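# Summary of the model geometry
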Amino acid sequence: MMDCVEDSSQDPLSTVPIADPAPATMETKVEKKKPNENVSLADNSLLVDISDALSEKEKVKFTVHTKTTLPEFQKSEFIVVRQHEEFVWLHDRYEENEEYAGYIIPPAPPRPDFDASREKLQRLGEGEGALTREEFLKMKEELEDEYLATFKKTVAMHEVFLQRLAAHPVFRRDSHLRVFLEYEQDLCAKPRGKMDLIGGLVRSMTTTTDEIYLGATVRDVNDFFEQETSFLQEYYSHLKEAVAKVDRMTSKHKEVADAHIKLSSCITQLATREQPPMERFLTKASETFDKCRKIEGRMASDQDLKLADTLRYYMRDAHAAKAVLVRRLRCLAAYEAANRNLEKARAKNKDVHAPLEVQEAEQGQAEACAKFEQLSARAREELIDFRTRRVAAFRKSLIELAELEIKHARSQQELFRKSLQVLRECQ
Amino acid sequence: MSAGPDTPPFSTVDINNDSRDDEDIFASAVQEVSLDPEVNGAREGLEKVSIDDTPASISTSLNSPVMEEIATERSNNIIITVTEPQKIGEGMSSYVAYRVFTKTNMPIFSKHEFAVLRRFSDFLGLHEKLTEKYLRSGRIIPPAPEKSIVGTTKLKMTSTPSTENVNGSVSSAGVQSQFVERRRAALERFLNRVAQHPVLSIDPDFREFLESGMDLPKATSTSALSGAGMLRLFNKVGETVNKITYRMDEADPWFEERAVRVETLEACLRRLGGACEALAGERRELAVRTHDAARAHASLSGADPHAPLSRALSHVADLHEKIENLRLEQSNTDFFILSEHIKDYLGLIGSIKDVFHERVKVFQNWQHAQMQLTKRRENKAKAELSNRPDKAEQAANEIIEWETKVERNQQEFDSISRVIKKEIERWEEIRVDELRATLLHYLEEHMKHQAQAIRYWDAFLPEARAIK
């Protein structure tokens, strides 16, 4: 169980559990993706973690474990099983809640996607004839490790999502969150059928057209928000590009690591036809390449973890921040509509004394104004906070990335050095 | 692999065996070598040939080092370097000239250090001559680098290629100079292998190649598209058919066993070569993608308003560009060290197969002569039976003639068998030593690459820490 509010340097990230060949249903002592810097109060009143996860066929079942001292909950410690769709359901409830319009809603975790791993495994099976038994086993092992890593990642992302909500002073009070954590039956979130998916697509499309439309018709009165909008637009697209490129790089890096398998297997083959001294030499050389492969693989996955995932997370966060700006603009449009309404009402009721219409319009306008001001103020805070969070997260990730890469490069160097020593003594 | 200490080379050659044809020309030269073991350091025979500095000649560095050290334990004190490829002329008549620099104490050379300019076809011409002279006696001729019509034409048609380091992204110019570098290195290995061979190294044509300041007569017969080239192609086809159709009655199990061993080795090496090239290719692709990632980070850096983070991201971009180069270098290491070594050995195995085949041909000759002898004997018997004294006498003469031929052919067969055994034993030792050296070198280079990676990341770390 992990502290959801943690900012310490004692980060489990420093030990890379990716290397553990644990079974699929495993202890999720997984690295936390991002420290929650939203909340400075280090209270343990609501602690959430995903204590277990099970992958069966197409679905992943997460065991959400909650420990709380808050009175709103029925028990102080409890467990439910949730699927990915239920997380999305929860996210959507926050998104559509007008009270949270000014907040950056933590992005929903991405759908667990094992397609790539499955495809590779299938291709491996098809090409089995071309490989030696040893090569096949090694590649299979690599793929299983990859699968495990993907699995751990998806668990971590779902966990971070919940933890961010639980640590947030406002979000943690939401009734939907309570239901999500407590309610023992399945939530009404059906797996996304075709209509749902299309609905989702339409919704995301309208959001973008919203952006464009609103951007065109509503003048923004505030420089700050105008700057933020253009910054976020540009930043988001650069992040997207960077994520894509880094992903391609790390996947190729994994392939480089895998290519060592064939190399060491061929050297072993060569060894069997040689006299003992040379045989020992070649066998040792082959082992070296095998170890080298593992280290390269780890280099690749650490790049993925620290660099790609950070970029990816902040890309999604940037998207969520953009959503805040859109909501604000909508609110502004409503405010301006209320203004126009008031003017119209006044104009119409010029000669009427204490007209009800005008009073109503005045009230409407006042509400709209208050709403807008409130939203703007909150949004401003959130966006500034976004910047701070981003900078801190990048800093942490880049430092960790550099440290890990140095560690791996050192172990490779050491591996080669030791091997050279042993090999030179051979024969 | 029996590596028994042998007597000085070729002392078993019977100098009184006058029936051997062209071999005799070299009998005296060969004797010279064996009488003067001090001269070329050959003590325990060739079995102790150590190729300590061969790694240097197989070195990958794209600016070729001039090797200064001469290992003292080798049987031939000679080091050859091939440098400074220069394009001479323009267009289709242009060619690349290489500087061949030799450093040696061998007495057959008039100087200790000398250099000449040679072009690729000169090397091929040398190889051809050596093959003509020595293949028949069972020598393994180091293979010459392959011709490449595509590579050569590209070279001719582009403006003077740069002979510098392949730096930065893989462009066509980079690929060009890779081609030249591969060829240069291969030519160097070829010459050094010849130079280490006890018999080939003292061949006058070889000497002339290394020493003679004059341009060698243009070896047109080596050009792929010439008439002689076509003829060679036909002959090759005929040979191949022969190889397939003629089944020799192998009396010596050693040869059968070796042939099998060589085949399996070839298969292994081919696989290894494939794996190595695959690895080199993946790394090259990784370099390209690293470049893309670097660019993306640079753009990101530009878009980030937070100055320290922007700086750090820009450093990430720089770092990845450096890593891109590192990946390229790693790829080159895979390629130039390991892959080329394997190609060499596949070529050498080709030469071994050629030599085995020569032996088969010699055997064929012997059998043929045997058959002729038998026929003549039959003729004589027939003539005697049918009481034809004149025919009988003719047959008797022919019998003598063919008996001589049979004896000579048999001796040729025995000799080639013997020589091949020696050559193979020598080769086996060298093979193991070279493989060892290559793998050690390969690992060393990769170790250096890791050290470089550490330096790059170490330099970046403070930048990351400096954010905010």
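To be clear, the structure that these remarks concern was listed above.
Quick look at the structure, then. From a predicted model like this one, the values you see are computed outputs, not experimental measurements. (Residues numbered from 1 in each chain as written. Chains lettered and ligands numbered in written order. Predicted model: local features only at pLDDT ≥ 70, side-chain atom pairs only at ≥ 80, totals over all residues. Heavy atoms only, no water.)

Now for helix α7 (residues 276–348) of chain A. Along its 73 residues, α7 of chain A runs 105 Å from first to last C-alpha, staying within 8% of the 108 Å computed at 1.5 Å per residue. Roughly 30° is the biggest bend found in α7 of chain A, and it falls at D309 of chain A. (Helix = DSSP H or I, 4+ residues; strand = E, 2+ residues; numbered from the N terminus. Expected span 1.5 Å × (residues − 1). Bend = angle between axes of the 7 residues up to and from the residue.)

Glancing now at the packing of aromatic side chains. Applying the stated criterion across every chain yields a total of 30 aromatic pairs over all chains. With a centroid separation of 5.2 Å and 75° between ring planes, the pair formed by Y94 of chain A and F171 of chain A is classed as edge-to-face. Highlighted residues: Y94 of chain A in helix α1 (residues 84–95) and F171 of chain A in the loop between α3 (133–167) and α4 (175–182), separated in sequence by 77 residues. Taking the relative accessible area as the measure of exposure, Y94 of chain A reaches 1% and is therefore buried. Judged by its relative accessible area of 0%, F171 of chain A is buried. Measuring from centroid to centroid gives 6.0 Å for F255 of chain B and F356 of chain B, while their planes differ by 75°, and the two rings are edge-to-face. Linking F255 of chain B in helix α8 (residues 253–303) with F356 of chain B in helix α9 (residues 307–385), this pair joins segments that are 101 residues apart in sequence. Both residues of the pair, F255 of chain B and F356 of chain B, count as buried. (Phe/Tyr/Trp six-rings, centres within 6.5 Å; stacked < 30°, edge-to-face > 60°. Buried < 20%, exposed > 50% of the residue type's maximum accessible area, 1.4 Å probe, protein only.)

All right, on to the pattern of salt bridges then. Enumeration over the complete set of coordinates arrives at 74 salt bridges over all chains. One salt bridge connects E146 of chain A with K120 of chain A, and the closest N-O pair in it is separated by 3.1 Å. One end of the pair, E146 of chain A, is in helix α3; the other, K120 of chain A, is in helix α2 (residues 115–126), and 26 residues separate them in sequence. Accessibility expressed as a relative area gives 27% for K120 of chain A, which makes it partly exposed. Between R189 of chain B and D344 of chain B there is a salt bridge whose closest N-O contact spans 2.3 Å. Of this pair, R189 of chain B sits in helix α5 (residues 172–196) while D344 of chain B sits in helix α9, and the two are 155 residues apart along the sequence. (Salt bridge = Lys/Arg side-chain N within 4 Å of Asp/Glu carboxyl O.)

What follows covers the pairing of strand β2 (residues 59–68) of chain A. All names here are of chain A. The element β2 is extensively covered by neighbouring structure, given that seven of its ten residues are classed as buried. Pairing of strand β1 (residues 46–56) with β2, which is carried by ten bridges, proceeds in the antiparallel orientation. Looking across to β2, one finds that E56 is bridged to K59. What sits between the antiparallel neighbours β1 and β2 is a turn of two residues, in which K57 has the positive phi angle 50°. Pairing of β2 with strand β3 (residues 77–83), which is carried by seven bridges, proceeds in the antiparallel orientation. Among the inter-strand pairings, K67 is bridged to a residue of β3, identified as E77. (Pairing = 2+ DSSP bridges.)

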